[in-house]
Amino acid sequence: MSERLLVLGNKKYSSWSLRAWIGLTLAEVTFSERIIRLDRPQTPTEIRRYSPAGRVPVLRDGELTVHDSLAILEYVNEAYAEGRLWPQELDHRALARAVSAEMHAGFSHLRELLPMNLGRVHAPLNPPWYIDAAAQAEIDRVLSMWDGLLAGGGPFLFGEWSIADCMYLPVATRFRTYQVDMSAHPLSQAYLGRLLGLPAFQHWEADALHESEELPAYAR
């Protein structure tokens, strides 16, 4: 077994875990997994066995423990990917970091209203849930960002796969799950298809669909 261990939440629901997992997987880093079920009384205690921060994901690499998905991706980029997970051009790298940090710290309305739920039937929100003005503004921001970056030719946000794509992959699942209208954004529609068509993501999703646990907090 690899000495690298990635501690995750439910694959059906844990968007932050997906970000770290897809980064390690596409960087071809060998690791083992430990899944901790979310939203149970013992969940915080179980996670703190691996990290005092009390949140997933957590990467253990030998004696090193790294928590937080973006920090894990930065570590993987430096330790295993020879810097390939950021664009090589300075200005593109700066922009990739900016949009990744924007996802990391923002879009709270989108995340709250449209939680990642890979087990949900693909359909618009069920009443009393609806996309309000604040969530729509964040959806519009994502789509305009994607369109602007993809106008450079793609196939991913900065040409080659990068940490920015890791950060926005869970958003793509949300847009598919809740049938967000992307008809005015063909570049973004095609990008979403490429993200969700990745064999690595399809492997994650297959695992998620085998999870029987249903968490009411993620029901919409």
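Throughout what follows, the structure given in this document is the object of discussion. Here the residue numbering is sequential within each chain, running from 1 through the sequence in written order. Two thresholds apply to this predicted model, a pLDDT of at least 70 for residue-level local features and 80 or more for giving and counting side-chain atom pairs, whereas whole-chain, interface and lining totals are computed over all residues. Side-chain metrics in this entry use all non-hydrogen atoms of the structure; hydrogen atoms and water are not considered.

## A look at the layout of surface pockets
In this approach the atoms are scanned with a rolling probe the size of a water molecule, which exposes any empty space left behind.
Next, step 1: Grid spacing is 1 Å over the protein atoms alone, the probe is 1.4 Å, and a cavity is where that probe fits but cannot get out, while a pocket is an open set with protein on both sides within 12 Å along at least five of seven lines and lining residues have an atom within 4 Å of a point. Grid points are joined across faces, edges and corners, and a volume is the space filled by probe spheres set on the points. One number sums up the size of the largest pocket: a volume of about 720 Å³.
Next, step 2: Lining the largest pocket are 28 residues; nearest its centre among them are Trp 16, Leu 38, Arg 55, Val 56 and Tyr 218.
Next, step 3: We count a stretch as a helix when DSSP gives it H or I for four or more residues in a row; a strand needs E for two or more, and each element gets its number in order from the N terminus. Of all the secondary-structure elements, those providing two or more residues to the lining of the largest pocket are helix 1 (15–26), helix 2 (43–48) and helix 5 (108–113).
Next, step 4: Residue polarity follows a fixed list, in which Ala, Val, Leu, Ile, Met, Phe, Trp, Tyr, Cys and Pro are nonpolar, Asp, Glu, Lys and Arg are charged, and the others, Gly among them, are polar. Residue composition of the lining of the largest pocket, grouped by class: 12 nonpolar, 8 polar and 8 charged.

## Quick notes on the sheet that holds strand 3 (residues 58–61)
Next, step 1: Any two strands between which DSSP finds at least two bridges are classified as paired. Spatially, 2-1-3-4 is the arrangement adopted by the 4 strands of the open sheet, whose pairing is mixed. Sheet topology places strand 2 (32–35) and strand 4 (64–67) at the edges, where each strand pairs with a single neighbour. Geometrically, the sheet is characterised by an average inter-axis angle of 20° between neighbouring strands, direction not taken into account.
Next, step 2: With 4 bridges joining them, strand 1 (residues 4–8) and strand 3 adopt antiparallel strand pairing. By the bridge assignment, Leu 5 is partnered in strand 3 with Arg 60.
Next, step 3: Here, residues are in contact when the closest pair of their heavy atoms is within 4.5 Å. Here, axes are lines fitted to C-alpha atoms. For helices the fit covers the stretch in contact, and angles between N-to-C directions go from 0 to 180 degrees. Together, strand 1, strand 3 and strand 4 form the strand contacts of helix 3 (residues 69–79), whose direction differs from that of strand 4 by roughly 130°.

## Comments concerning the pattern of salt bridges
Next, step 1: We define a salt bridge as a side-chain nitrogen of Lys or Arg found within 4 Å of a carboxyl oxygen belonging to Asp or Glu. In total, this model carries 10 salt bridges according to the counting rule given.
Next, step 2: Notably, a salt bridge pairs Asp 207 with Lys 11, separated by 2.8 Å at the nearest N-O pair. Of the two residues, Asp 207 is situated in helix 9 (residues 199–209) and Lys 11 in the loop between strand 1 and helix 1; the sequence distance between them amounts to 196 residues.
Next, step 3: A salt bridge links Glu 82 to Arg 84; the shortest N-O distance between them is 3.3 Å.
Next, step 4: Judged by its relative accessible area of 47%, Arg 84 is partly exposed.
Next, step 5: The network of salt bridges with common partners includes Lys 11, Glu 33 and Asp 207. The rule is simple: take the accessible area with a 1.4 Å probe, protein chains only, and divide by the maximum for that residue type; under 20% is buried, over 50% is exposed, in between is partly exposed.

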